[in-house]
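Each chain, letter by letter, is given below.
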Amino acid sequence: MSELEKPRILKIHVLRFDPHNPNDFPHMETFEVEEADGMTLYIVLGEIREHLDNSLKFDFVCRAGICGSCAMLVNGRPTLACRTLTKKLDEDITLAPLPLFELIGDLSINSGAWMQGLNKRLETWIHDKEQELNINKLEERMEPELADEIYELDRCIECGCCVAGCGTIQMKPDFVGAVGLNKIARYHLDPRDKRTDEEYYELIGDENGVFGCMTLLGCEDVCPKSLPLQSKIAYLRRMMLRTGLKG
Amino acid sequence: MKIIYTDVLIIGGGLAGLRVATGVKDRGHDTIVLTLIPPKRSHSSAAQGGMQASLANCAMGEGDNEDVHFLDTIKGSDWGADQEVARMFTHCAPKAIRELAAWGVPWSRVARGDHTVIINAKKETITEKDEAHGLITARDFGGTKKWRTCYTSDGTGHSMLYAMDNKAHEKNIEIHERLEAIALIHENGRCYGAIARNLMNGELVAYVAKATTIATGGYGRIYSVSTNAIICQGIGQAIALETGVATLGNMEAIQFHPTAIVPVGILTTEGCRGDGGLLLDKDGYRFMPDYEPDKKELASRDVVSRRMTEHMRKGKGVSSRYGDHLWLDITILGRKHIEKNLREVKEICENFLGIDPAEEWIPVRPTQHYSMGGIRTTYQGESQTLKGLYSCGEAACWDMHGFNRLGGNSVSETVVAGMLVAEYISDFCDKAESSVNVQSATIEKFLKREKEKIEALLTKKNGEDAYVLRRAMEKIMMEKVGIFRNGDDLQEAVTELEELYIRSKNIEVFRSKSRAANPALVNAYRTQKMLKVALTVAYGALLRTESRGAHSREDYPERDDANWLKRTITAWPDENQTLPTVSYEDIPISNMELPPGFRGYGKDLTIHHPETKVRQQMVDLIKEKLEKEGASRHEVQNALMPFLKKLPKKYQKFNERLGDIHE
C-alpha cells in the first residue's frame, strides 16, 4: 500500500457465541477496521477488542507463528491468524473458530485439552526403561542427519489446523489425526525411544489410527509448518501393515 | 468455596515451572501446575537460538568449561550477578542439557570433517574431529569466548518445551490450564498457596499448598513494543509484590535485544549474528567494527543495542514510517544454511515482512526482550522474606544475570533453576515445618477479597478505561525508561506512572460484564497489577545513579562500584502507598571469585570500590600459590569461592568432557 492510496476499510465478519450466556446463540457480527501497512489479523482483532467490542474472545500468545494458539478459520480455511497479513485477503474477511474443539467463546477454543488428551493417549515421550541416566557423563551420540530428521517432525506446534482440515475425523471423532500420526512417526524415528513396532501397533494399528485415514490430505494442505504429513502417514501405514501381518 | 490441596503449587507452565514439577514429583510430592494457556504455548517456545552449556564438543568450543562460562556470565552481568549462583548454574548447565538429550530434544550434532563457516564476514574452514562426531554441537553467540550455544536449528525453546511437557505427561503431573493466579494466600510471613481464577468460566479457586512456586516469566509487556509473548505481563511479580511481604530484585534491569524486526517487534535470533550475519546502516556500511573492534556484532547484547541506537542518533538509521531502523544482513550465510539453521527466522521474514532473508536485508532495531529482575530469592529459589514462596526462571532474581543476561543463558537458566529449586522445595516439604497450618477463615478472607475486587471492576460507574491507562503506561515505559535513560525523563515517568496507578484504582469494565470468560475484565485487573510493576522498574531506574549493564544513564555514564555495587530491592508493604518502597542489598566483594573489572567494551569508566583491589590481590595470591603446587582448576576454584556444598548432593559431581577422556 503506497502512502498516497486511501487505506481500505476491512469488513471483518466474526462468528460469535458465548456458551456461558443462556440467551446467546451463534451469530455473525461485522466490524469495520481501517487497514494499515503490514497489518495482520492479530492487529485487527486487537483493535476490535480495544476500540469496538471489548468482549470479543480470541487467543494469541507469541503472535509470531511459533506457539500455535491462534489457529482459526480464515475465510473457511484453518490457519494461524497472527501471521495472516490482511493485504493478502479481500476486504471482506470471515473469521470462525476451529471446528471440533470445545468452544470457550467466539474465536477462542480449548485445543489445549484436546492435545493433552492426545499426548497421553499416544504416550508421546521417550520410552526407555532400561537405561539409568548419568548426566555427568558424555551424552549418547546421534547421527547429525538423524537429529535433523527428528527435528523436522518435532516442529509440529499442536495448533489444530490439521484436525480442523481432516475429513476422517468428521466421521470418526476418536481418530488421532495427522498431529497424532506425525508424533508417532517422530518417536518411531528416534532411537532413544525403545518401543517396538508391536507397541506402536497397539496405539495406532486400527480404524482410529493409521488405518482410518481416508487420504484426503487436507492436513498437509493446511499445516502452517509444512510438515511432510502425507509421506509420514504413508510410511506409517506400510510399517503398521507389515507389523499387523506379522502378528 | 472451592479449595484444592496439594504439596507444591506451581504457577506457570513454561520450562522452569515444568522442570520444578517433574523434580518434586520424582521426590514423591504432589504437585499442580497452573497455567494461563496450554504449557506447550508458553513463551519458552519462542526461544530460538539456543542454550548455553559448556560441553566443548565442537572444534570452536574446545577448551571450554565451567570456568569460561562463569567468566563470560559475570562479565556479561557487569558484576551485578551473585557469583555463587552463577557458579551453581554453570556447573549444572551441562547436566541439564544431557538430561534433556535423554528426554528427547533432537539437539543438532557435530558432523566430522571440514565445514565452511562465516567468521567476521569471511569464509573459513573448520574441521570437526572424528571423536566428537554425533555429540551435541554449538554455535557462536554474543559475549562468549567459545562456541557454547547448543541448538536445534532456531527452534531450540520449542524442542525443549515439548520434551519437558511430554515428560510431565509421562510423570502424570496435574496441569490446570487457563487458570490464572491473581493473589497469594499468606499469613504471618508464610505463603500457603494462591487464589486462582478460571479464565473459561470465571470461577475462583483456592489452591492451598506447602510450597508455592512462581515461574511466570518476565514483564516485557509493560512496554508497548517487546519481543515477549503477550502474556508476559509481570503478573507473577505483581502478586508477590501485593503480599506486602515478598520483595523484588533489580526490577530496573531490562534487556533490549538488538535485532527485532520493525515494526512488529518479533525477534530474530542472536544466532543470525552468531552464524556470521552483519549489522549494516542506511549506506549498507558495517558499523559495529568502528565501535567494538574486538567483538563487533557479537559484543554483549546491551552493548550492541546501545551502539545501534548511537549510530541511528548520528543519522545513520534507515527512515521508515515506523521510525528509524538498521539492517541485519544474513544473505552472506547462503540459502542452504538459512533453510537449515535459521528456518524460523526465514518464516518470520516471509510472513511478517514479505521478504526472503536469503536475498534481502532484514529491518531491525533494539527492542525490549528480557527481564533480569524479578522476585528476589535466595540461591535456593525461596523468597528472602516470605517463607514457602519460591520462584525460578525469568520470573525470579536469584540472581545469575545481574544487569545483563548473555544470549543462550535464559533457557539454560530455566532448566537448571528448575532442577535445583525442585530439590530445595522437596527438602522443605520433607520437613515437619512445611505442614500447612492455615485456618480456613484465612483462605476465605482471601477468596472474599478477590471476589469483591472483581465485582467492583464490573459494577463501578463512571470509572476509568483500563485500555487507556495501559496504553499510556506502555508509552511512558518506551519513551522514558528505555535503552538510554536520564534523570529528567525518569522523574517524569515515575510521576506520570504514579498518577496512572492512582487512576487505576477506579477502573471500570465497560459493557462487557460477563463473570465467565471476559477479556475486558482480565485486562482490567492485570492493568492494575502491571502499573505496580512498571513503577518498580521506573523508580528503581531513577534512583540508580550509575550505568551498569543494560541500565544506562546518560547523566551517570560510569559504573559506580564505590556506591552502587548493590541490588535494588522493592516492596509494597502498605496497599495505600502509591510508590514502591526501595532498599538496597550489598553485593560483597570479599568473597568474589572474580572481583570487579573492566568488561572490555568502549572506554573503561568504572569507579572502583576500595575493596576490589584488596580482593584482587588475594585472588591472585591464592591462584599463584595453588597453581605452583599443581592444583587442579577445581581445587583453585574451590579455594577462591566454594559453592559445591550448596548444590543438592545429586548434582555435585564434575562434568565429563571429550578432552578428559582423550587426554
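Residues numbered from 1 in each chain as written. Chains lettered and ligands numbered in written order. Predicted model: local features only at pLDDT ≥ 70, side-chain atom pairs only at ≥ 80, totals over all residues. Heavy atoms only, no water.

**Overview of helix α1 (residues 41-52) of chain A**
The α-helix advances 3.6 residues per turn, and as a result positions three or four apart in sequence lie on the same side. Stated precisely, the cut-off is as follows: Partly exposed describes any residue whose relative accessible area lies between the buried limit of under 20% and the exposed limit of over 50%, with all areas from a 1.4 Å probe on protein chains only and scaled to the type maximum. Put simply, DSSP marks the helices as runs of H or I at least four residues long and the strands as runs of E at least two long, and each gets a number from the N terminus on. The arc under discussion is defined with respect to the helix axis, by the directions toward the C-beta atoms. Any pair of residues with heavy atoms lying within 4.5 Å of one another is described as a contacting pair.
Along α1(A), the positions that sit buried rather than exposed are A:L41, A:V44, A:L45, A:I48 and A:R49. Buried residues of α1(A) fall within an arc of 130° about the axis and therefore sit on the same side. Of the surrounding secondary structure, the elements contacted by the buried residues of α1(A) are β1 (9-16), β2 (27-34), β3 (71-74) and β5 (92-96) of chain A together with α13 (466-480) and α15 (519-543) of chain B.

**Digging into the pattern of salt bridges**
A side chain with one charge can pair with a side chain of the opposite charge if their charged atoms come near. Residue and element names in this part refer to chain B. What counts here: For salt bridges, the criterion is a side-chain nitrogen of Lys or Arg within 4 Å of an Asp or Glu carboxyl oxygen.
Taken as a whole, this structure holds 84 salt bridges over all chains when the rule is applied. Among the salt bridges present, the one from D64 reaches R148, with a minimum N-O distance of 2.8 Å. With D64 in the loop between β3 (51-52) and α2 (66-76) and R148 in the loop between β5 (122-128) and β6 (149-150), this pair connects stretches of sequence that are 84 residues apart. Of the charged contacts, one joins E464 and R503 as a salt bridge, the two residues approaching to 3.0 Å between their closest N and O atoms. With E464 in the loop between α12 (440-459) and α13 and R503 in helix α14 (residues 487-504), this pair connects stretches of sequence that are 39 residues apart. Overall, R503 belongs to the partly exposed group, its relative accessible area being 36%.

**What to know about helix α2 (residues 111-122) of chain A**
Worth spelling out the cut-off: Multiply 1.5 Å by the residue count of a helix minus one, and that product is the helix's expected span.
Between its first and last C-alpha, α2(A) extends 17 Å over 12 residues, near the 16 Å set by a 1.5 Å rise per residue. All of the buried residues along α2(A) are A:S111, A:G112, A:M115, A:Q116, A:L118, A:N119 and A:L122. Looking straight down α2(A), one finds that the buried residues subtend no more than 165° of arc, so they occupy a single side. At its buried positions, α2(A) is contacted by β7 (108-109), α4 (161-164), α6 (177-189) and α7 (197-204) of chain A together with α4 (156-170) and β7 (174-177) of chain B.

**Focus: the environment of A:G160**
Residue and element names in this part refer to chain A. In this structure, G160 sits in the loop between α3 (144-154) and α4. Expressed as a C-alpha distance, the spacing of G160 and D92, which sit 68 residues apart in the sequence, is 24 Å. Once residues within four sequence positions are removed from consideration, G160 is found in contact with L98, F101 and M115.

**So, the sheet that holds strand β18 (residues 396-397) of chain B**
Residues and elements named next belong to chain B. Filter applied, for reference: For two strands to be treated as a pair, DSSP must find no fewer than two bridges joining them.
Here we have 5 strands laid out as an open sheet, ordered β18-β16-β11-β21-β22, and mixed in their pairing. Each edge of the open sheet is held by one strand with a lone partner, namely β18 and β22 (581-586). Here strand β11 (residues 248-249) runs beside strand β21 (residues 566-571); their pairing, made up of 2 bridges, is antiparallel. By the bridge assignment, L248 is partnered in β21 with T570.

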